[in-house]
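An overview of the molecular structure
As a plain string of letters, each chain reads:
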Amino acid sequence: MSTIALKVNGATHTVNVEPSTPLLYVLRNDLDLHGPKFGCGLGQCGACTVIINGVATRSCVTPVSTVRSEVTTLEGLAVGGKLHPVQQAWIDEQVPQCGFCQNGQIMTAKALLDRNPHPTDQQIREGMARTLCRCMTYYRVQAAIKRAAGERA
Amino acid sequence: MRRRTFLTTSGALIVSLSASRSAGPLELLAQAPSPYPDPDFHQLDSWIVIHENNTATFYVGKTDCGQGTGTAFRQMMADELDIDYDKTACVMGSTDVTVDQGGSGGSDAIQTDGWPMRRVAAEARRVLLEMGSTKLGVPVEALTVSSAVISVKADPGKRVSYGELIGGKKFHVALTGSNIDATTGTAKVKPVQDLKIVGQSPKRYDIPAKVDGTQQWAVDVKLPGMVHARNVKPPVAGATLVSIDESSVRNLPGFVKVVSKGNYVAVVCEREEQAIDAAKTLQVNWKKPATAPFPASPELHKYMRAATPTSSSTPAVIGNPDAAFGAAAKVVEAEYDVPFQGHTAFAPAHATADPSNGQLTIYSNDMKSYGMRNGVATFLKLPRESVRVIWREGPQGYGRTAADDAGFEAAYLAKELNRPVRVQWMRNEETAWDTKAPAFACTLRGALDAQGNLTAFDYLARACDYNHVGYNEPDTVLIAQLMGSRPARPAAGSAATPGEMYAIANRRMAMQVVSLPLAFETPLRTGNLRDPNGPQSTFASESFIDELAAAAQVDAVEFRLKLLTASTADDSGFKRARSVAVVKAAAEKFGWDTRPSPRSNQSGNVVTGRGIAYAFRGQTVVAEIAEVEVNRTTGHVWVKRLVCAHDCGLVINPEGLRRTIEGGLLHSLSRALHEEVQFDAEKVTSVDWLTHPSLTHLDTPATIDVVLVNGDPNPRRSDLPPYGAGETVCKPLLAAVGNAIFDATGVRLRRVPFRDARVLAALKTGSTASL
């Protein structure tokens, strides 16, 4: 066990875990941040996505000891109680079915729009390609991304 | 006093619901003393609580698998009660708080369970009007009610609210009805024309918490003293446990215990990642079975066609098929195959169980939470009154959580350790060992006369479905099987015939079930998946109807409409007229040009085509059209456009329905393009998202058009019922895509999924036989 300091959503936390512990379990079980989810533990589905240095990162395959920068989770997107435009677009478009994968969809979309505020349809498809949904809400996810991009114009 | 306990608990939940929009802080869920009650469905108070602030909470025995049914329940009940939608809340699926409506399944939430909800809400309105009559001193007939306020028609200043009449108090009104579906008071439900909230599209109340991270899911449950468990599955199907070397994990950090019984093995640790490591590290000696548990997946359909059926239906025969085939101008024959396709839920099975005070509380996303309560009580030989299930949302249901293994495992482990235990399966475990939709091998024949009329139809479906897993059965859940349970009569399983209204004078429709060599403790165990047999049987029949249309050189829509209108025989649900209506509506929306398939004169690598298929399930009818692009160099298929014409009778929430339909279409598209459980002769080799691919954003159609038809001959009739909306959508899509590929390429694909390699091989050989 090692003592590891983490900055998450603006606050600094200290946890006592094995250095190899995937960030996901620290976020969920030690910091009680339940936005990121376990889906595969293999970095294949995107359920566990957080944003580090502007990059959508799969926390299930990220050892906690390798995290050097601030981590943003789904809980950290809203500012002062106001939802991030991507989250608002998700509500406006009524995207989720069960909603379990939507952390990955929203966080990946947020990072995508941060680096490319006005993506083409094909850029959205490619940027989201590795983020899975088993209720298959892809059509509405893509619509919500376009809606969020439009509102940034 | 069980009733008092229930209402106290309910009151606590209401506070948290209004405060957080979500499921309530976990401290409220600490073990309440048993016995845990069965809320009495014959009491109005079990269904509806009116609060002093003139709001209402509805308690229903359903679970929402992600289609927004909770929002629809609120709409229906608010409409009958005459209260604004946003002044209501809905509590679902926890066995000691909500009446037992069985949880979810069969797309029956609105169709079946919506009726008692509407009737009890109407009864509450009736009772409140009587109370208002007494309070205001005028007859009920002189009163009107709007937004939960009763006023005197002739003197609107005279008014009293529901909250003032009964807020915080109980109705004490008994209901009647021989079972929960028949629950009723004396009030009648409103005619359709008087419904104001039904037919609107309020946004789903559960979505905000799902996008801001505050939703409390079943996976999120965290209890004091809780430990984490992971299973160790047999490495090959049918293996038996020889020995466990506990010393291999005893010194790992956080190690608590290895638990095993029969062939069930689990490792328990203090922290989640520790349990994952320990389960990977644990040394277990297994003995392989003497004989192969199943053929390898490439051999499956050959095996199924050669096997002796474990059961056969008596064929349904109309007319004289043999004579008609003998007199045919042309006979068309084909075999259609569908492999095992899994649920592969987005998150693996999970549950947390708390054994405090000698009782058992299970926190679960089981879509049939009531069944889990009963099943676990029997499985662990506990009094039913000391077990309850608190339902929490989870990854998509679609049938997997009706055979909820993790809940039973968490309960067993919690009892063994006498500590709260959270268990979750790993990805490879879920993809390999979840319940599967049965594989189908179908054999079809059709007879055409000289004018291209279909004169005879012969359909035989064989399903690999013996020992189909039931709902939360204490002797068939996987942990019970691994511990040696063998029910005296394994479920016979079932095949299916297609749901269509074609008038064909001579028919033979037959169904058979076959078994794999290994029927128990197998990862190839079948269970219900989103219309359990519909996609398979409809893929065969609706593809074959298309083959017949092509053989007759008749347009695919025209061929179907001719079959649908060849008889005037109707049924009680106007299913024939509604079938015609959805086929026409889909063709019109698509802009269908009448011509036979395949499309001719296409050059270049990428060719396009369109295909239609149609089906009914219960009283819901759908027609679907796919437009595809096929890359002839790579074999890649992109469905660029989907049209679905849909009739489920009365629509509660049109926008919610559209999204449910879109999800069903794309889930089925994933089954058409990607999904297939692969295995060698001893284990499943589809174990993650690389070896069991699923639809992705790249596959998403550019356009999806949903047409809500409502083809009832009189859609304004006052008693128009709602029918189950979800699963029908899943039936025709596989065939629609296959038919579109044929239209584009002239090559008929008779086996799903239409992966690139399979399509490319078929394009090269002109057929898919034995691929």
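Remember, predicted model here, so these are calculated numbers, not experimental data. (Residues numbered from 1 in each chain as written. Chains lettered and ligands numbered in written order. Predicted model: local features only at pLDDT ≥ 70, side-chain atom pairs only at ≥ 80, totals over all residues.)

Per the secondary structure count, chain B includes 19 helices and 27 strands. Relative to the globule expectation of 28 Å for 771 residues, the C-alpha radius of gyration of chain B, 28 Å, shows essentially globular dimensions. Based on the C-alpha atoms only, the size of chain B along its principal axes is roughly 80 × 80 × 45 Å. A buried classification covers 57% of the 771 residues belonging to chain B. (Helix = DSSP H or I, 4+ residues; strand = E, 2+ residues; numbered from the N terminus. Rg over C-alpha atoms; globule rule 2.2 N^0.38 Å. Buried ≥ 20, exposed ≤ 12 C-beta atoms within 10 Å, placed from the backbone.)

On to the overall build of chain A. Secondary structure summary: chain A contains five helices and five strands in total. Counted from the first residue to the last, chain A has its helices and strands arranged as β-β-α-β-β-β-α-α-α-α. Taking 15 Å as the expected radius of gyration for a compact globule of 153 residues, we find that chain A reaches 15 Å, a close match to that expectation. Judged by the C-alpha coordinates and their principal axes, chain A covers about 45 × 30 × 25 Å. Looking at chain A as a whole, 57% of its 153 residues are labelled buried. Considering only contacts in chain A between residues 6 or more positions apart, those separated by 24 or more positions represent 59%. (Contact = placed C-beta atoms within 7 Å.)

Next up on the list: helix H14 (residues 534-551) of chain B. Between its first and last C-alpha atoms H14(B) spans 25 Å; for 18 residues at 1.5 Å apiece the expected length is 26 Å, and the two agree. Counting buried residues along H14(B), 17 of its 18 residues qualify, which places the element largely inside the surrounding structure. (Expected span 1.5 Å × (residues − 1).)

Every contact between the two is made by 48 residues of chain B and, on the other side, 46 residues of chain A. Of all the elements in the fold, those that place two or more residues in the side of chain B that touches chain A are helix H5 (207-212), helix H7 (272-281) and helix H17 (654-673) of chain B. Residue composition of the side of chain B that touches chain A, grouped by class: 19 nonpolar, 15 polar and 14 charged. (Nonpolar A, V, L, I, M, F, W, Y, C, P; charged D, E, K, R; others polar.)

What follows is about the sheet that holds strand E9 (residues 255-261) of chain B. Residue and element names in this part refer to chain B. Spatially, the seven strands line up as an open sheet ordered E9-E10-E7-E19-E16-E17-E18, and their pairing is mixed. Edge strands, defined here as strands with exactly one partner in the open sheet, are E9 and strand E18 (387-391). Each adjacent strand pair in this sheet contributes to an overall mean axis angle of 20 degrees, direction not counted. Against the sheet, helix H11 (residues 405-417) engages strand E7 (227-231), E9, strand E10 (264-269), strand E16 (350-354), strand E17 (360-364) and strand E19 (421-424), with an angle of about 145 degrees to E19. (Pairing = 2+ DSSP bridges. Axes fitted to C-alpha atoms, helices over the stretch in contact; angles between N-to-C directions.)

The next point concerns the domain arrangement of chain B. Residue and element names in this part refer to chain B. What the domain assignment reports for chain B is domain 1 (2-215), domain 2 (219-290 + 349-424), domain 3 (297-342 + 435-514) and domain 4 (534-765). On a C-alpha basis, the centres of domain 1 and domain 2 stand 35 Å from each other. On the side of domain 2, 25 residues touch domain 1, which itself brings 22 residues to the contact. Looking at the side of domain 1 that touches domain 2 residue by residue, the classes come out as seven nonpolar, 13 polar and two charged. (Domains from an automatic or database assignment.)

The next point concerns the packing of helix H2 (residues 85-92) of chain A against helix H3 (residues 102-115) of chain A. All names here are of chain A. It is the contact of H2 with H3, at a shortest axis distance of 9 Å, that shows an interaxial angle of 130 degrees. By the angle between their axes, H2 is oblique relative to H3. Every pair of crossing elements has a handedness; the one defined by H2 and H3 is right-handed. Here H2 contributes Val86, Gln87 and Trp90 to the contact with H3, which in turn contributes Gln102, Ile106, Ala109, Lys110 and Leu113. (Parallel < 35°, antiparallel > 145°, perpendicular 65-115°, else oblique. Left-handed = near helix turned anticlockwise from the far one by under 90°.)

Another aspect to go through is the environment of B:Ala109. For B:Ala109, the location among the structural elements is in the loop between strand E3 (88-92) and helix H3 (114-136). For B:Ala109 and B:Tyr723, which are 614 residues apart along the polypeptide, the C-alpha to C-alpha distance reads 9.2 Å.

The subject of this paragraph is the domain arrangement of chain A. By a frequent convention, interface size equals the accessible area lost on bringing the separate parts together. Residue and element names in this part refer to chain A. Here the domain parsing of chain A yields domain 1 (2-76) and domain 2 (85-152). With centres defined by C-alpha atoms, the gap from domain 1 to domain 2 works out at 21 Å. Each partner contributes to the interface: domain 1 provides 13 residues, whereas domain 2 provides 14 residues. A per-element tally of the side of domain 1 that touches domain 2 places strand E3 (residues 49-52) first, with three residues. Here the residues of the side of domain 1 that touches domain 2 are counted per class, giving eight nonpolar, four polar and one charged.

Attention now moves to the sheet that holds strand E25 (residues 620-631) of chain B. Residues and elements named next belong to chain B. Spatially, E24-E25-E26-E27 is the arrangement adopted by the four strands of the open sheet, whose pairing is mixed. Each having just a single partner strand, strand E24 (606-617) and strand E27 (703-708) make up the two edges of the open sheet. Adjacent strand axes in the sheet meet at a mean angle of 15 degrees, parallel and antiparallel pairs treated alike. Where E24 lies against E25, 12 bridges are found, and the strand directions are antiparallel.

Turning next to the packing of helix H15 (residues 556-564) of chain B against helix H16 (residues 575-590) of chain B. Between two packed helices, what matters for the description is the angle formed by their axes and the separation of those axes. Residues and elements named next belong to chain B. Between H15 and H16, whose axes approach to 10 Å, the crossing angle comes to 165 degrees. By the angle class used here, H15 and H16 are roughly antiparallel. For the crossing formed where H15 meets H16, the hand is left-handed. Two secondary-structure elements touch here, H15 through Val557, Arg560, Leu561 and Leu564 and H16 through Arg576, Ser579, Val580, Val583 and Ala587.

Residues and elements named next belong to chain B. Burial of E17 is extensive: five of the five residues sit out of reach of the surface. Burial along E17 is two-sided: the residues Leu360, Ile362 and Ser364 and Thr361 and Tyr363 are all buried. Here E16 runs beside E17; their pairing, made up of four bridges, is antiparallel. Opposite Ala353, over in E17, you have Ile362 as the bridge partner. In sequence, E16 turns back onto E17 through a hairpin of five residues, with Asn357 there showing a positive phi of about 60 degrees. In this sheet, E18 lies alongside E17 in parallel orientation, the contact comprising five bridges. Each residue of the ladder has a partner; that of Thr361, found in E18, is Arg388. The parallel pair E17 and E18 is bridged by helix H10 (residues 369-379), and the resulting crossover is right-handed. (Right-handed = clockwise from strand over helix to strand, strands pointing away.)

On to H7(B). With respect to burial, H7(B) is a largely interior element, eight of its 10 residues being buried. Within H7(B) the residues assigned to the buried category are B:Glu272, B:Glu273, B:Gln274, B:Ala275, B:Ile276, B:Asp277, B:Ala278 and B:Ala279.

Residues and elements named next belong to chain B. Summarising burial for E25: 10 of the 12 residues are buried, a large majority. Turn length for the E24-E25 hairpin, with the two strands adjacent in sequence and antiparallel, is two residues, and the turn residue Gly618 shows positive phi of about 60 degrees. Relative to strand E26 (residues 637-647), E25 runs antiparallel, the two sharing 10 bridges. Looking at E26, one finds that Glu624 is bridged to Cys644. From the end of E25 to the start of E26, which pair antiparallel, there are five residues, and Gly635 there has a positive phi angle of about 80 degrees.

Let's shift gears to the confidence of the model for chain B. Predicted coordinates in areas of low pLDDT are best not read in detail. Across chain B, pLDDT averages 94, with 95% of residues at or above 70. Predicted as a complex, the structure gets a pTM of 0.96 and an ipTM equal to 0.98. (pLDDT = per-residue confidence, 0-100.)

Most peptide bonds are trans, and most residues other than glycine sit at a negative phi. With an omega dihedral of 0 degrees, the bond running from B:Ser597 to B:Pro598 counts as a cis peptide bond. The omega angle of the peptide bond from B:Val752 to B:Pro753 is -5 degrees, so this bond is cis rather than trans. With respect to the element layout, B:Pro753 can be found in the loop between helix H18 (733-745) and helix H19 (756-765). Positive phi outside glycine occurs at A:Asp32, with the angle close to 55 degrees. When you line up the elements, A:Asp32 lands in the loop between helix H1 (23-30) and E3. Look at A:Asp32 and you get exposed, because 10 C-beta atoms sit within 10 Å.

Let us look at the environment of B:Ser597. Residue and element names in this part refer to chain B. Position of Ser597 among the secondary structure elements: in the loop between H16 and E24. Residue Ser597 is classed as buried on the basis of its 25 C-beta neighbours within 10 Å. Residues Ser597 and Ala551, 46 residues apart in the sequence, show an inter-C-alpha distance of 9.2 Å. Once you skip the residues sitting within four places of it in the chain, Ser597 turns out to touch Asp546, Ala550, Ala556, Phe742 and Asp743.

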